Amino acid sequence: MGKDRRRFVTTSGQDIERVYGPERTPDPGVLGEPGEFPYTRGVYSDMYRGRLWTMRQYAGFGTAQETNARYRYLLEAGQTGLSVAFDLPTQMGYDSDAEMARGEVGRVGVAIDSLEDMRTLLDGIPLDEVSVSMTINATAPILLALYVALGDERGVPRDRLAGTVQNDILKEYIARGTYIYPVEPSLRLVTDTFAFCAQQVPRWNTISISGYHIREAGATAAQEIAFTFANALEYVERARSAGLAVDDFAPRLSFFFAAHSDLFEEAAKFRAARRLWARLMTERYGATGASARLRFHTQTGGVTLTAQQPLSNVVRVTVQALAAVLGGTQSLHTNAYDEALALPTPESAKLALRTQQVLAHESGAAWTVDPLGGSYYVESLTDSLEAAAREYLDQVDEQGGAARSIVFFQEEIHQAAYEHQKAVERGERVIVGVNAHREREDGLRIEQPDYASLEAGQRERLTDLRDRRDGAAVADSLEAVRSAARGGDNLLLPMIEAVKAMATLGEISDVLRQEWGEYRGT
């Protein structure tokens, strides 16, 4: 038998050895116990034996009414939390009748312009029982204001509201692009949200610091950890500069990671991330307990889905979801197999949820804590990923932190994406159905919504709202937002009053545009 000359390597460039032995056994002090520092083995002592991860399927499309129907469908199918996808105009601070919104209303998420839309979106959903995650960044404080206003309207005490706003603006400049304002005022919105929730909405996760979108842009697993934590440390520094104590906000920090198809590297990534975050928070801020505990949501990899042979995506998603569970996630979204082609159908969305339920109840992966702990291979990967992430963090520190390292992040991600694509084209990275095992096939036929009619209906409802509301009250409320933007008052308070007066998301965003300007890139 000739020697195999192929090179086996992880996405982060780590050579994989033929076999791993006892010398890889971790020191017990490094490994730790589940629920104890440095949390390598999990943030809770019993993990899924005590409570399963939250099955939080991400959904949102068209109008609030249609999205509400999908939420009810998923809750009836056994989903345990909601995750809201917003359309691009909502993410970018434009109302559905704005010129910039034409052709984009409701296309990649739900259109939310006003408190009336939020009422419809969450109609029949008990806000004091179901936690709601909102993937929103530049306009995160406005969406949170709408949510709090709806809770007030329903008589739900603010301390009973539970959920998350993504609110991670730095990764928008780095990888995703749905930013509005310049960096500094955008960071002020982040810390205003921290402060408001610490005082009034204590169960709310004030930020979900996202490695997912960094990974989607082409980053490696090590870069995903490092750049996510670099952003997180910037937010911690900004919050401390605004006068907040670490223990007042750090326990409500949450994170959002991707799960790709390299089963063991991905599981090791989550273990390494927990350990590294605990060490960083302890070393830099003396944090302990909940302030050093990494809690995160995971989504299976959107960029790994293929339009070719889409049913194969069911297998990819299962492997990725298993990696997230073996790695100890607190919350999980599994992609539908048809998402590379169109919005998921109800049937494919249910199958994605069923994937999680089978893993939870039939696979045995949830029956013991950290089932891969002590694996020579996984422990080696955990160590190497933590070390690689620290090297990147040292480079970010040398540049003065994440806010000053945006170009560095972009260049590193672009290079990693380029190297990955070259490996795929050379056949070194096999993608079934794309560069191997290809075949002619009839594509899935998926009926698309009538987006033109959806947009027209949303614009009509918005016009009707403008005709019915008290224009003077709206003007006064927007002036209060302007005053807070010019001064140093927390912006969440006037925003809540503005949305209660039926000011729209676009109108509030425009006030901030007028005061702060817009980010034009580097």
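Residues numbered from 1 in each chain as written. Predicted model: local features only at pLDDT ≥ 70, side-chain atom pairs only at ≥ 80, totals over all residues. Heavy atoms only, no water.

*Asks:* Just to check I follow, could you spell out the packing of helix 14 (residues 376–398) against helix 15 (residues 406–426) for this structure?
*Replies:* How two helices sit against one another is set out by the angle between their axes and by the gap between those axes. Running from N to C, helix 14 and helix 15 cross one another at 145°; their axes reach a closest spacing of 10 Å. Of the residues in helix 15, those touching helix 14 at Tyr392, Gln395 and Val396 are Phe408, Phe409 and Glu412. Across the contact of helix 14 with helix 15, the residue classes break down as four nonpolar, one polar and one charged. (Axes fitted to C-alpha atoms, helices over the stretch in contact; angles between N-to-C directions. Helix = DSSP H or I, 4+ residues; strand = E, 2+ residues; numbered from the N terminus. Contact = heavy atoms within 4.5 Å. Nonpolar A, V, L, I, M, F, W, Y, C, P; charged D, E, K, R; others polar.)

*Asks:* Can you walk me through unusual backbone geometry in this structure?
*Replies:* Across the chain, the bulk of peptide bonds are trans and the bulk of non-glycine residues have phi less than zero. Backbone torsion omega between Phe37 and Pro38 reads 5°, so that peptide bond is classified as cis. As for its position among the elements, Pro38 is in the loop between helix 1 (28–31) and strand 1 (54–59). Look at Asn167: it is not a glycine, yet its phi comes out positive at around 60°. Along the polypeptide, Asn167 turns up in the loop between strand 4 (163–165) and helix 6 (170–176).

*Asks:* I tried to follow helix 2 (residues 64–76) on my own but got confused; where do I start?
*Replies:* Helical periodicity: at 3.6 residues per turn, an α-helix aligns residues three or four positions apart in one direction. Taking 1.5 Å per residue as the helical rise, helix 2 with its 13 residues ought to reach 18 Å, and the 18 Å between its terminal C-alpha atoms agrees with that figure. Those residues of helix 2 that sit buried are Ala64, Thr67, Asn68, Arg70, Tyr71 and Leu74. Viewed end-on, helix 2 has its buried residues packed into an arc of 160°, placing them on one side of the element. In helix 2, those exposed residues whose orientation departs by more than 90 degrees from the buried face are Gln65 and Glu76. Of the surrounding secondary structure, the elements contacted by the buried residues of helix 2 are strand 1, strand 2 (81–85), helix 4 (115–121) and helix 13 (346–361). Gly78 lies just past helix 2 and shows a positive phi near 110°. (Expected span 1.5 Å × (residues − 1). Buried < 20%, exposed > 50% of the residue type's maximum accessible area, 1.4 Å probe, protein only. Arc of directions from axis to C-beta.)

*Asks:* For this particular structure, what's the right way to read the packing of aromatic side chains?
*Replies:* Describing an aromatic ring pair means giving the distance of the ring centres and the angle of the ring planes. Scanning the model with the defined rule gives 23 aromatic pairs in all. Each ring, one from Tyr48 and one from Trp53, has its centre 5.0 Å from the other, and the planes form 75°; the classification is edge-to-face. Trp53 shares its class with Tyr48; the two are buried. Summarising the aromatic geometry, the rings of Phe255 and Phe257 are spaced 6.3 Å apart at their centres and angled 10° between planes, so their arrangement reads as stacked. For the pair formed by Phe255 and Phe257, the shared burial category is buried. Through successive ring pairs, a cluster of aromatic residues spans Phe229, Phe255, Phe257, Phe270, Trp277 and Phe296. Geometry around Tyr94 places Arg513 over its ring, the cationic atom sitting 4.3 Å from the centre. (Phe/Tyr/Trp six-rings, centres within 6.5 Å; stacked < 30°, edge-to-face > 60°. Lys NZ or Arg CZ within 6 Å of the ring centre and 35° of its normal.)

*Asks:* For this particular structure, what's the right way to read the pattern of salt bridges?
*Replies:* Two side chains with opposite charge may pair up if their charged atoms get near one another. Taken as a whole and judged by the stated rule, the model has 40 salt bridges. Asp464 is the salt-bridge partner of Arg468, the closest N and O atoms lying 2.8 Å from each other. Highlighted residues: Arg468 and Asp464, both in helix 16 (residues 451–468), separated by four residues, approximately one helical turn. For Asp464, a relative accessible area of 38% translates into the label partly exposed. Overlapping salt bridges bring together Asp95, Asp97, Arg466, Arg469 and Glu507 as one network. (Salt bridge = Lys/Arg side-chain N within 4 Å of Asp/Glu carboxyl O.)

*Asks:* I would appreciate a short explanation of the nonpolar core in the present structure.
*Replies:* Nonpolar side chains in soluble globular proteins tend to end up buried together. Core analysis: the biggest nonpolar cluster contains 144 residues, and Met134, Phe229, Phe255 and Trp277 have the highest contact counts within it. Of all the elements, helix 9 (residues 221–241) adds the most residues to this core, at twelve residues. Those residues in contact with Met134 that sit more than four places away from it in its chain are Val84, Phe86, Met118, Leu143, Leu144, Tyr147, Thr164, Val165, Gln166 and Trp204. Counting residues in each nonpolar core, the second largest holds five residues, with Tyr94, Ala98, Ala101 and Ala111 among its members. (Core = buried A, V, L, I, M, F, W, Y, C linked by side-chain atoms within 4.5 Å.)

*Asks:* How do you make sense of empty space enclosed by the protein when you look at a structure like this?
*Replies:* Summary: where empty space remains is shown by rolling a probe the size of a single water molecule over the atoms. Considering all chains together, one arrives at four cavities of 30 Å³ or more under this definition. Taken as a whole, the largest cavity encloses approximately 70 Å³ of empty space. Lining of the largest cavity is provided by 14 residues; of these, Met47, Val325, Gly328, Val369 and Asp370 occupy positions nearest its centre. No other element matches helix 12 (residues 312–327), which puts three residues into the lining of the largest cavity. Tallied by class, the residues present in the lining of the largest cavity amount to seven nonpolar, four polar and three charged. The computed volume of the second largest cavity comes to approximately 50 Å³. (1 Å grid on protein atoms, 1.4 Å probe; cavity = no way out; pocket = protein on both sides within 12 Å on 5 of 7 lines; lining within 4 Å. Points joined across faces, edges and corners; volume = space filled by probe spheres on them.)

Such coordinate-based values are descriptive only and should not be taken to indicate function.
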